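# Architecture and fold: a report
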Amino acid sequence: MATPVDYVLQLADNALVLGQRNAEWCGHGPALEEDIAMANISLDLVGQARLLYQHAAQLLNAAPATQPASWPRPATEDSLAYLREPQDFRNYTLLELPHFDSRSGLLAGTARDNRDYATTIARNFLFGALMLVLWERLQESTDAQIAAIAAKSWKETRYHWRHSRDWLIRMGDGTEASHNRIQSALGHLMPYTLEFWSPSEQEGLAVARGIGVDANSVQPAWNALVDQALKEATLIRPQGGGFVTQGKTGRHSEHLGYLLDEMQSLARRYPQAVW
């Protein structure tokens, strides 16, 4: 049974998982400026996740019956980030994928070498366009805390999306090699965006209560942002269709488990530690 907190956790998990993925470029960026830029984007996303987890913890502690028995009590931002299992996370599957094109043969969750920056840029572009329009609408949420977080996050997301958009155009309208790389990355990732528009129980409840936004209502704005950038980049929009992933309902790829193992290992080994 979905509860209002599930929608807050979906927003938080999206920010945390993408922040963790982008942070993998720290010290490995294709250029010093990009190394710094990606680290800053990651910090912004983790900051958004913290605010949302703090709000989710307040909601859970105010209504303990809504919290699964397996989760530590009282809920805190740290317990929600570090002590939940992969099936408890509600992030989009798109965000947990490694930085590799599906045709690279390097999709193993433990892979570390030969990260593809085009894949990272394409993912940040597609998700950033969604959050740009979603955060704008969420500023009208009946939940004052979500509205305040949305106002702050929209400003940060505008920078994130402009960064990825500029690189998308630079690669698409660049050399033949860069064009092919970004086109291939889009072909790999675009099908995962179908999950954006697949309604879930927690989203329906949030919309009914005025807390959240119906993602389908922002799809035309998302399409306009994506199509205009692809046109400038001389890229072809991949065809939609196919299997619809369900990460936001807890059905994840194997990659999330590897990501969480790395992210959560210290907190799980020393659960009583105080920093």
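Whatever comes next refers back to the structure up there.
Let us look at the structure shown here. (Residues numbered from 1 in each chain as written. Predicted model: local features only at pLDDT ≥ 70, side-chain atom pairs only at ≥ 80, totals over all residues. Heavy atoms only, no water.)

### Remarks on the overall build of the protein chain
Condition: Numbering of helices and strands starts at the N terminus; helices are DSSP runs of H or I of at least 4 residues and strands are runs of E of at least 2. What the globule rule says is 2.2 Å times the number of residues to the power 0.38, and the radius of gyration is computed from C-alpha atoms. For each residue, the accessible area found with a 1.4 Å probe, counting protein chains only, is set against the maximum for its type, and the residue is called buried under 20%, exposed over 50%, and partly exposed in between. Whether two residues are in contact is decided by their heavy atoms: any pair within 4.5 Å suffices. All accessible areas in this document rest on Shrake-Rupley with a 1.4 Å probe, and a residue is counted as covered only by the protein chains that are shown. We treat Lys and Arg as the positive residues and Asp and Glu as the negative residues; His and chain ends play no part in the count. In this description, the location of a charge corresponds to atom NZ of lysine, CZ of arginine, CG of aspartate or CD of glutamate.
In terms of regular secondary structure, the protein chain is built from nine helices and zero strands. The order of α-helices and β-strands along the protein chain, N terminus first, is α-α-α-α-α-α-α-α-α. Rg of the C-alpha trace for the protein chain: 18 Å, near the compact-globule value of 19 Å for 275 residues, within the 12% margin. With 275 residues in all, the protein chain has 51% of them scored as buried. Put simply, of all contacts in the protein chain between residues at least 6 apart along the chain, 78% involve residues at least 24 apart. Per element, the accessible surface of the protein chain, about 12600 Å² overall, is 54% carbon and sulfur. The positive charge centre, built from 24 side chains, and the negative charge centre, built from 31, are 2 Å apart in the protein chain.

### Considerations on the pattern of salt bridges
We apply this condition: Any Lys or Arg side-chain nitrogen located within 4 Å of an Asp or Glu carboxyl oxygen qualifies as a salt bridge.
In this structure the tally under the stated criterion is nine salt bridges. We note a salt bridge from Asp13 to Arg84, for which the minimum N-O separation is 2.5 Å. Linking Asp13 in helix α1 (residues 4–23) with Arg84 in the loop between α3 (77–82) and α4 (117–138), this pair joins segments that are 71 residues apart in sequence. Here Asp13 and Arg84 have matching classes, each one buried. Measuring nitrogen to oxygen at the nearest pair gives 2.7 Å for the salt bridge that ties Arg165 to Glu232. One end of the pair, Arg165, is in helix α5 (residues 144–172); the other, Glu232, is in helix α8 (residues 219–232), with 67 residues separating them in the sequence.

### Re the environment of Glu232
Of the residues examined, Glu232 reaches a relative accessible area of 36% and is grouped as partly exposed. In this structure, the C-alpha to C-alpha distance between Glu232 and His28, residues 204 residues apart in sequence, is 28 Å. If sequence neighbours within four positions are ignored, Glu232 has contacts with Arg165, Ile169 and Asp173.

### Topic: the side chain of Glu195
Put simply, the test is: Throughout this description, a polar contact denotes any pair of N or O atoms lying within 3.5 Å of each other; where both atoms belong to protein, one of them has to be capable of donating a hydrogen while the other can accept it, and for residues adjacent in sequence the pair is counted only when both atoms sit in side chains.
Turning to its location among the elements, Glu195 is positioned in the loop between α6 (176–189) and α7 (201–208). Engagement of the side chain of Glu195 in a polar contact is seen with the side chain of Thr245, the distance being 2.6 Å. Setting aside anything within four residues of it in sequence, one finds Glu195 in contact with Asn91, Tyr92, Thr93, Val244, Thr245, Gln246, Gly247 and Lys248.

### What to know about the environment of Arg162
Within the secondary structure, Arg162 sits in helix α5. Residue Arg162 is classed as partly exposed on the basis of its relative accessible area, which comes to 49%. Distance from Arg162 to Pro271, taken between C-alpha atoms, is 39 Å for residues 109 residues apart in sequence.

### Quick notes on the packing of α4 against α5
A pair of packed helices is captured by two measures, namely the crossing angle of their axes and the spacing between those axes. Selection criterion: An axis is simply a line fitted to the C-alpha atoms; with a helix, the fit covers only the stretch in contact. Between two such axes, the angle follows the N-to-C directions and lies from 0 to 180 degrees. Crossing handedness: left-handed means the near helix sits turned counterclockwise from the far one by under a right angle, and right-handed means the same turn made clockwise. All residues other than Ala, Val, Leu, Ile, Met, Phe, Trp, Tyr, Cys, Pro, Asp, Glu, Lys and Arg, Gly among them, are scored as polar; the first ten of these are nonpolar and the last four charged.
Contact geometry of α4 with α5 gives a least axis separation of 7 Å together with a crossing angle of 145°. For the element pair α4 and α5, the recorded crossing hand is left-handed. Looking at the contact of α4 with α5 residue by residue, the class counts come to 18 nonpolar, six polar and three charged.

### As for the nonpolar core
The cut-off we apply is this: For this analysis, a nonpolar core means a set of buried residues of the types Ala, Val, Leu, Ile, Met, Phe, Trp, Tyr and Cys, connected via side-chain atoms within 4.5 Å.
Tyr53, Phe127, Leu130, Leu138, Leu168 and Trp222 are the most contacted members of the largest nonpolar core, which totals 74 residues. Going through the elements one at a time, α1, α2 (32–62), α3, α4, α5, α6, α8 and α9 (254–269) are the ones with two or more residues in this core. Considering every element that reaches this core, the biggest residue donor is α4, with 15 residues. Leave out the neighbours within four places in its chain, and Leu138 touches Tyr7, Leu11, Ile146, Ala147, Ala150, Ile211, Gly212 and Val213.

### A closer look at α7
Worth spelling out the cut-off: The directions considered for the arc run from the helix axis to the C-beta atoms.
All buried positions along α7 are accounted for by Gln202, Glu203 and Ala206. In a view along the axis of α7, the buried residues occupy a sector of 100°, so they form one face of it. For α7, the exposed residues set more than 90 degrees away from the buried face come down to Glu201 and Ala208. Looking at the buried positions of α7, the neighbouring elements they touch are α1. One or two steps after α7, the chain reaches Gly210, where phi turns positive at roughly 80°.

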